[in-house]
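Survey of secondary and tertiary structure
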Amino acid sequence: MVSPQERLQPVRCLIDHSLLERLETWGKTLASRPSVAVHYGDTLPLSYAARTALLIGLEELKESEEAPLTDYELEGVPCALGVAMPRWFREELDTTAKLFRLSRVQVIRLALDRGLPR
């Protein structure tokens, strides 16, 4: 039986289309790796790519130790992103948000931006 802490729950936010395009490209890059293709083939779920990019971005944010100086406003028409995450992941996002005095959504946007290749 899965504990309540390990159940995936959705986290939703609005992101720029450019960030979504980078996320889709990252997903294709990950899907092309043999170790990932064995499990997912050539169609990697967007949520898997998003969680991977968020982990990388959160690590970079923590290493910087300085409040990020970035414009958090969305440009153009935003698109919705929903990613299922375990409780520990959401708590990590919230802890990072408190550290930099940002909202969870701002941290998600910033972590995706830093975690995705340009």
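Residues numbered from 1 in each chain as written. Predicted model: local features only at pLDDT ≥ 70, side-chain atom pairs only at ≥ 80, totals over all residues. Heavy atoms only, no water.

This next bit is on the nonpolar core. With 32 residues, the main nonpolar core has Ile15, Leu23 and Leu112 as its most contacted residues. Every element with two or more residues in this core is listed here: strand 1 (9-15), helix 1 (17-31), helix 3 (46-64), strand 2 (79-85), helix 4 (87-100) and helix 5 (104-115). With residues near it in sequence (within four places) discarded, leucine 112 still touches Ile15, Leu19, Arg22, Leu23, Ala50, Ala53, Leu54 and Leu81. (Core = buried A, V, L, I, M, F, W, Y, C linked by side-chain atoms within 4.5 Å. Buried < 20%, exposed > 50% of the residue type's maximum accessible area, 1.4 Å probe, protein only. Helix = DSSP H or I, 4+ residues; strand = E, 2+ residues; numbered from the N terminus. Contact = heavy atoms within 4.5 Å.)

Three or four residues apart is the spacing at which side chains of an α-helix point the same way, because the helix has 3.6 residues per turn. Between the first and last C-alpha of helix 4 there are 20 Å, a value that for 14 residues agrees with the 20 Å anticipated at 1.5 Å per step. Among all positions in helix 4, only Phe89, Arg90, Leu93, Thr96, Ala97 and Phe100 are buried. Down the axis of helix 4, the buried side of the element spans an arc of 125°, and every buried residue falls inside it. For helix 4, the exposed residues set more than 90 degrees away from the buried face come down to Lys98 and Leu99. Residues of helix 4 that are buried sit in contact with strand 1, helix 3, strand 2 and helix 5. The first or second residue beyond helix 4 is arginine 101, which carries a positive phi of 55°. (Expected span 1.5 Å × (residues − 1). Arc of directions from axis to C-beta.)

Let us look at empty space enclosed by the protein. Counted by the stated rule, this structure contains one cavity of 30 Å³ or more. Here the largest cavity defines a volume of roughly 30 Å³. If you go around the largest cavity, the residues you meet are Val11, Arg12, Cys13, Leu54, Leu81, Val83, Met85 and Ile108. Those elements that provide at least two residues to the lining of the largest cavity are strand 1 and strand 2. (1 Å grid on protein atoms, 1.4 Å probe; cavity = no way out; pocket = protein on both sides within 12 Å on 5 of 7 lines; lining within 4 Å. Points joined across faces, edges and corners; volume = space filled by probe spheres on them.)

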